[in-house]
Amino acid sequence: MTFPISTKTIPDEAVSRFREALGDENFSTDPVICDGYAMQPFHKTEPGCWINRPLAVTLPSSTEEVQAIVKICIQHGLRYKAHSTGWGAHGGAGYDNVVQIDLRRMNKILEWDEKNRYVVVEPYVNCAEIQAEAMKRGFNIHIHGAGSVCSPLANATSHCGMGWSGISTSTSSRNILGVEWVLPSGEVLKLGTCGSISESAGSRWFSADGPGPSMRGIMRGWAGADGGLGVFTKMSMKLFHWAGPKETAVKGRLQDLVVEKPDNFRITLCAFPDARSYADALFKVGEAEIGFLQCKNSVALMLGAMMPRMLRKIHASMNVKKILDACRHQFMFTIAATSDLDYQYQSQCLEKIVDDHGGIVLDAPAPLHSLMYWSFVRVSLPPVVFRMGGNFFSTFGGDEAFDNCMEQARIGEEIKRQFIASKACFDDLADNPWALIYENGLFGHSEELWFYDHRDPEMGRQVDDYAKACADATLEHTLGGGGFAFFKGGEVHDILGPAMSNYHIWQRRIKKALDPNDLSDSKFYISSD
Amino acid sequence: MALEAYRRDMEGCSRCSSCKWVPMSQMKSHRFSQVCPSISRYHFHSFAGSGKLMLGLSLLDNRIEMNDSVADVAYKCTLCGACDANCKVYRDDIDIAEVIEEIRATCVENGQFFAEHQMMIDDLKRENNVFGEPKNARGDWAEGLGLKDANAQKVDVLFHAGCRFSYDEDLLGVIRGAATLIRDAGVDLGVAGKAESCCGGRAFGLGFRGDGKNFAEDMAVRVKSSGAKVLLTPCADCYGAFKYAYRRMGVDLGVQVMHISEYLKALAANGKINFKNRVDRKITYHDPCHLGRRSEPYAGPWEGNKLLRPASRKRDGRKGVYDAPRDLLRSIPGIRLVEMERIREYSWCCGAGGGVWEADQELSDFAARERIEEALTTGADALATSCPWCERNLRDAAESMGAGIEVLDVTELVARSIKGEVIS
Ligand SMILES: Cc1cc2nc3c(=O)[nH]c(=O)nc-3n(C[C@H](O)[C@H](O)[C@H](O)COP(=O)(O)OP(=O)(O)OC[C@H]3O[C@@H](n4cnc5c(N)ncnc54)[C@H](O)[C@@H]3O)c2cc1C
Ligand code: SF4
Ligand code: SF4
């Protein structure tokens, strides 16, 4: 299905100013180039794969150039949208008069402060690059669950943030220690480490916000502004201790991975007889403050991602379905110990908790542990969700107490059964929540994955209905804030806001104060009026 | 197959950008994490593998017109296949390289390609080689080696030198040395001399399908009349054409195709050659795209939903030739093989392929210099490879950079070990 192409054009004067600011090589209005930014099937609820074609594409290489772009856009009343690694419709043009800011030329790691445990990066540095360099220094980072070729800056400043190691590294929003931010006015605001006065090592602030009132809530809140509040050009992020080796010899790429698991790592699957014991055990695990990585990868997720052809056939057999159903209450748990004693302590805690809840701890056998170790540390698995049908979607996702997450999963399953019956998505046994606990169980996350093929018109058409049904259920059953429904932009905020302390009024005020002309593309955030 | 046949491949791109990077699990540094020369140099997304899928779809959907810009994006690409191999770490249903080939064929149908490519095709048609060198001089490299004339006598093994080895004076020693090694191992070896012509792989890669097929069919006739059971080539580019492009064009050679590294390895295994002498060098190895991921045999078109295509029918780059040259190097006493970060199916391209060396010197140099920089980080004193196109481009880059690293063919090192001297 084609998407209407804007007939709008950029004024000649704006074109000359862009060229002057960026050089001819780094600016284009050519439809051939601009269409390279107009196809974004992920996170798109309309059928088809095309989104708005931007009027122009810019490739800045510095904060000054980003400022110049924003100022030219302000002067000519053009909307603009920044993206970093650019994965998803939320990074593309939401309207028909948008200048795309592709930040891929800003790809430097600017500073390592090992003493104060942070690293300062530009937008186009990806998680795997930082992790590889961090490990050489004995550190690790939080990698959000979209995978390690995504930009941590994009995710931490502008979009969600949960990831597989959340039990020990929390979410991206907690990992920002400072930003450099080109505001929608074109001015530059520096926060936290990026805003400290002294450049000499050791004297910088390494709190996220520095002294004074925090701007973090305004900057990103729970979900991030998805490009609707200006452009972030630098970010300082936390470094965590890394208990593994500085370099890892890896053979293979994904399913064929062969990696030596370090002895101080224990990789397990913990299985329980029912939902209650599974959830209670997780609360206890959180309380015990153990673990490096914890996550429920549903059976459907594992099969759909690794053996998609098999998952298509499974529903033919009721018996197999029953067996798989019996395996649903499980989570993966990884220990990364800093000493033998630590290993023993964490292991014994885990075993006791699981045993107390009637479960069993299964240690990952070789060679499976290669995959379960390295691909989860590196977060290299996520794009496998596209194997089943070419696309995926996700709903719920409100970060709440884990019992609420369990409700999200239960209701998500009920809703999905109806959509499976109408062939809106592939049959994943309806049980496909991706669930984790964060910060030692302080809160949890659960989202209901949905495998579909956007090239199938019937499937493509029903994504929006599904998203709406889940948003309605969120409201009706008080399921964790707005969850992913937030990303539908203004119209959803207006529905959810009244049930949630009228947050939408405040959000709109923030947008209006920072971007009165509504030029920082807010399709996935909120408009100023 | 026309571009339309790949509509679902193009529409299926999830824009995950795996086609721009080495596989996530293999990323070892910030410096050497990228894998696509085209987007690394030109930055706009259209230049990535994913962007080329969008380009094709945009053409099909009549969102853009066929014009110079389309050709610019389609041809400023080394057709190295790194995007294809890395996309397939995750996807079963997208064949990026085939889409790029179809876009190029569409460009040619519409007369949109670079002038340099037209010149090359004209040269090819006139002189049977991509350089426009006299066709009569093609077999001169073999003078005095006493190789059998495959046009006049039946041979077990037909040795196809390829255009680059036939005419690049700098590489004369390499090709003569390679043929000598095989001859001395007692193999019934012949060459076609003046009658040898280009394999046609370049023409196919540029989208000149008819010309490519003519050369391929011509090759098939020559192979058949020689009676050879094995078609042996020291050129990775030709090897890739025989293994992949020929099958895409529907031409069956009917013989076993072997690269010289595979053949030498087999000779060593049978005790026909012995690595007698030490070669005390620290070597790093560059995987030529057309010996590696691009040589993976074409399994035929997949009718229907590619999501259901079995893994065995998916060309994911892993079935290319990676171990034979490395095994040879490891067999040579004294050689210490040190690997670069980007190797095997996620290797960085040397920049010579896909018509880029002929038409976009800047991209070609950019890619080669990047590879030399990567080689230098290993501390190796020589960079070995198995393709004359890679050798030419990497040697030029190393020289212009004053990098102080020698660029060698694997067969040169083998010859040094077997003969104890450089054969020229
Ligand atoms: C398979 C899959 C799994 C996923 N799993 C998770 C998950 O577990 N956790 C999670 O948090 N998310 C998840 N997501 C969503 C995904 O994280 C985000 O889409 C991801 O951050 C986007 O990738 P990106 O880094 O390429 O960012 P981009 O697409 O570049 O940007 C993301 C958003 O931020 C804005 N933005 C980017 N850079 C800037 C900047 N410098 N200044 C201002 N605005 C900017 C963009 O406009 C866009 O709206 C998943 C997505 C997929 C496809
Ligand atoms: S890796 Fe494949 S699916 Fe992902 S962006 Fe590239 S072409 Fe598209
Ligand atoms: S074939 Fe090579 S140069 Fe061309 S887009 Fe793919 S990775 Fe880039």
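This write-up is about the structure you can find in this document. Position labels on residues start from 1 in each chain and follow its written sequence. By the order in which they are written, chains take letters starting at A while ligands take numbers starting at 1. Local features are withheld for residues below a pLDDT of 70 in this predicted model, meaning they are given only at 70 or higher, and side-chain atom pairs are given and counted only at 80 or more; totals for whole chains, interfaces and linings count all residues. Note that the side-chain values use all heavy atoms of the structure and ignore hydrogens as well as water.

Comments concerning the overall build of chain B
Turning to step 1, where the next piece is worked out: A tally of helices and strands in chain B yields 18 helices and nine strands.
Turning to step 2, where the next piece is worked out: C-alpha atoms define the radius of gyration, and 2.2 Å times the number of residues to the power 0.38 defines the globule rule. Rg of the C-alpha trace for chain B: 21 Å, near the compact-globule value of 22 Å for 424 residues, within the 12% margin.
Turning to step 3, where the next piece is worked out: Principal-axis analysis of the C-alpha atoms gives chain B an extent of 60 × 50 × 40 Å. Put simply, DSSP marks the helices as runs of H or I at least four residues long and the strands as runs of E at least two long, and each gets a number from the N terminus on.

Things to note about the site of ligand 1
Residue and element names in this part refer to chain A.
Turning to step 1, where the next piece is worked out: One heavy atom within 4 Å of a molecule or strand is enough for the residue carrying it to be called near that molecule or strand. If you check the shell around ligand 1, you find 34 residues, and the closest are A82, S84, T85, H90 and G161.
Turning to step 2, where the next piece is worked out: Throughout this description, a polar contact denotes any pair of N or O atoms lying within 3.5 Å of each other; where both atoms belong to protein, one of them has to be capable of donating a hydrogen while the other can accept it, and for residues adjacent in sequence the pair is counted only when both atoms sit in side chains. A82 has a polar backbone atom sitting 2.7 Å from an oxygen atom of ligand 1.
Turning to step 3, where the next piece is worked out: At 3.4 Å from a nitrogen atom of ligand 1 is found a main-chain nitrogen or oxygen belonging to A146.
Turning to step 4, where the next piece is worked out: Per-residue and other accessible areas follow the Shrake-Rupley method at a 1.4 Å probe size, with only the shown protein chains counted as cover for residues. For ligand 1, whose unbound accessible area comes to 940 Å², protein coverage reaches 97%.
Turning to step 5, where the next piece is worked out: Taken together, the elements giving at least two residues each to the shell around ligand 1 come down to β3 (79-83), α5 (152-158) and β10 (231-238).
Turning to step 6, where the next piece is worked out: Counting residues per element, the shell around ligand 1 draws most heavily on α5, at four residues.
Turning to step 7, where the next piece is worked out: Taken together, the residues of the shell around ligand 1 break down into 17 nonpolar, 15 polar and two charged. Under the scheme applied, nonpolar residues are Ala, Val, Leu, Ile, Met, Phe, Trp, Tyr, Cys and Pro; charged residues are Asp, Glu, Lys and Arg; polar residues are all the others, including Gly.

Considerations on the site of ligand 3
Residue and element names in this part refer to chain B.
Turning to step 1, where the next piece is worked out: Near ligand 3 there are 13 residues, and of these C36, K52, C77, C80 and C83 occur at the shortest range.
Turning to step 2, where the next piece is worked out: Every element with two or more residues in the shell around ligand 3 is listed here: α2 (37-42), α3 (49-60) and α5 (82-87).
Turning to step 3, where the next piece is worked out: A breakdown of the residues in the shell around ligand 3 according to their chemical character gives eight nonpolar, four polar and one charged.

Overview of the sheet that holds strand β6 (residues 118-121) of chain A
Residues and elements named next belong to chain A.
Turning to step 1, where the next piece is worked out: Read from one edge to the other, the open sheet built from five strands follows the order β5-β6-β10-β8-β9, with strand pairing classed as antiparallel. Each of the sheet's edge strands pairs with one partner strand only, and the pair in question is β5 (109-113) and β9 (188-192). When strand polarity is set aside, the average angle formed by the axes of neighbouring strands in this sheet is 10°.
Turning to step 2, where the next piece is worked out: At least two DSSP bridges between two strands are needed for those strands to be called paired. Sheet topology note: the β6/β10 ladder contains four bridges and is antiparallel. Looking at β10, one finds that V121 is bridged to M235. Axis geometry follows a simple rule: fit a line to the C-alpha atoms, using only the stretch in contact for helices, then measure angles between N-to-C directions, giving values from 0 to 180 degrees.

Some points on the interface of chain A and chain B
Turning to step 1, where the next piece is worked out: Note on contacts: a residue pair is in contact if any heavy atoms of the two residues lie within 4.5 Å. Each side of the interface is counted separately: chain A has 71 residues, and chain B has 58 residues.
Turning to step 2, where the next piece is worked out: When two components associate, each loses some accessible surface as probed by a 1.4 Å sphere; the sum of these losses over both components is called the buried area. In total, about 5,100 Å² of surface goes out of reach between chain A and chain B, with carbon and sulfur atoms giving 53% of it.
Turning to step 3, where the next piece is worked out: In what follows, salt bridge is the name for a side-chain nitrogen of Lys or Arg lying within 4 Å of a carboxyl oxygen of Asp or Glu. Linking chain A with chain B are nine salt bridges.
Turning to step 4, where the next piece is worked out: Across the salt bridge formed by B:R8 and A:D453, the nearest N and O atoms sit 3.0 Å from each other.
Turning to step 5, where the next piece is worked out: Seen at the junction of chain A and chain B, the total is 34 residue pairs in polar contact (both at pLDDT 80 or more).
Turning to step 6, where the next piece is worked out: Of all the secondary-structure elements, those providing two or more residues to the side of chain A that touches chain B are β1 (27-28), α2 (31-34), α4 (127-136), β12 (250-251) and α10 (308-314) of chain A.
Turning to step 7, where the next piece is worked out: Ranked by residues supplied to the side of chain A that touches chain B, first place goes to α4(A) with five residues.

Some details on the packing of aromatic side chains
Residue and element names in this part refer to chain A.
Turning to step 1, where the next piece is worked out: The rule is short: rings of Phe, Tyr and Trp, with Trp giving its six-membered ring, pair when the centres are within 6.5 Å, and they are stacked under 30 degrees, edge-to-face over 60, tilted in between. Counted according to the given criterion, the structure contains 38 aromatic pairs over all chains.
Turning to step 2, where the next piece is worked out: Consider the rings of F265 and F292, whose centres lie 6.0 Å apart with planes at 80°: the pair is edge-to-face. Placement of the pair is F265 in strand β14 (residues 265-271) and F292 in the loop between α8 (275-288) and β15 (293-297), with a sequence separation of 27 residues. Considered together, F265 and F292 belong to a single accessibility category, that of buried residues. Burial classification: accessible surface area is computed with a 1.4 Å probe over protein chains only, and a residue below 20% of its type maximum counts as buried, one above 50% as exposed, and the rest as partly exposed.

Some points on helix α13 (residues 368-377) of chain A
All names here are of chain A.
Turning to step 1, where the next piece is worked out: For α13, a buried count of nine out of ten residues is recorded, marking the element as mostly surrounded by other parts of the structure.
Turning to step 2, where the next piece is worked out: Residues H369, S370, L371, M372, Y373, W374, S375, F376 and V377 constitute the buried set of α13.
Turning to step 3, where the next piece is worked out: Following α13 by one or two positions, V379 adopts a phi angle in the positive range, close to 55°.

Some words on empty space enclosed by the protein
Turning to step 1, where the next piece is worked out: Here a cavity denotes a set of grid points, spaced 1 Å apart and computed over the protein atoms alone, in which a 1.4 Å probe fits but from which it cannot get out, and a pocket denotes an open set meeting protein on both sides within 12 Å along at least five of seven lines; residues with an atom within 4 Å of a point are reported as lining. Grid points are joined across faces, edges and corners, and a volume is the space filled by probe spheres set on the points. If you walk through the whole model with that rule in mind, you get 13 cavities of 30 Å³ or more.
Turning to step 2, where the next piece is worked out: Secondary structure elements with two or more residues in the lining of the largest cavity: α10 (201-206) and α12 (236-248) of chain B.

Thoughts on the environment of A:T395
Residues and elements named next belong to chain A.
Turning to step 1, where the next piece is worked out: With respect to the helices and strands, the residue T395 is situated in strand β18 (residues 391-396).
Turning to step 2, where the next piece is worked out: Residues T395 and V32 lie 363 residues apart in sequence; the distance between their C-alpha atoms is 34 Å.
Turning to step 3, where the next piece is worked out: Looking at T395, its side chain comes within polar contact range of the side chain of Y466, at 3.1 Å.

Details of the layout of surface pockets
Turning to step 1, where the next piece is worked out: The space that makes up the second largest pocket amounts to roughly 770 Å³.
Turning to step 2, where the next piece is worked out: In terms of lining residues, the second largest pocket is bounded by 30 residues, among which A:V250, A:K251, B:Q26, B:K28 and B:Y346 are the most central.
Turning to step 3, where the next piece is worked out: Looking at the lining of the second largest pocket, the elements with two or more residues in it are α4 and β12 of chain A together with α14 (323-331) of chain B.

Description of the packing of α3(B) against helix α4 (residues 68-75) of chain B
Residues and elements named next belong to chain B.
Turning to step 1, where the next piece is worked out: Relative to each other, α3 and α4 sit at 150°, their axes nearing to 10 Å. Classified by the angle their axes make, α3 and α4 are roughly antiparallel. For the element pair α3 and α4, the recorded crossing hand is left-handed. Two secondary-structure elements touch here, α3 through K52, L55 and L59 and α4 through V70, V73 and A74. Any angle from 65 to 115 degrees is called roughly perpendicular, while one under 35 is roughly parallel, one over 145 is roughly antiparallel, and all others are oblique. Rotating anticlockwise by less than a right angle from the far helix to the near helix defines a left-handed crossing, while the corresponding clockwise rotation defines a right-handed one.

Some points on the pairing of strand β19 (residues 433-438) of chain A
Residue and element names in this part refer to chain A.
Turning to step 1, where the next piece is worked out: Of all the six residues making up β19, six are buried; the element is thus mostly covered by neighbouring parts of the structure.
Turning to step 2, where the next piece is worked out: Burial along β19 is two-sided: P433, A435 and I437 facing one way and W434, L436 and Y438 facing the other are all buried.
Turning to step 3, where the next piece is worked out: Pairing between β15 and β19: two bridges, direction antiparallel. In the sheet register, K296 faces β19, and the bridge partner there is A435.

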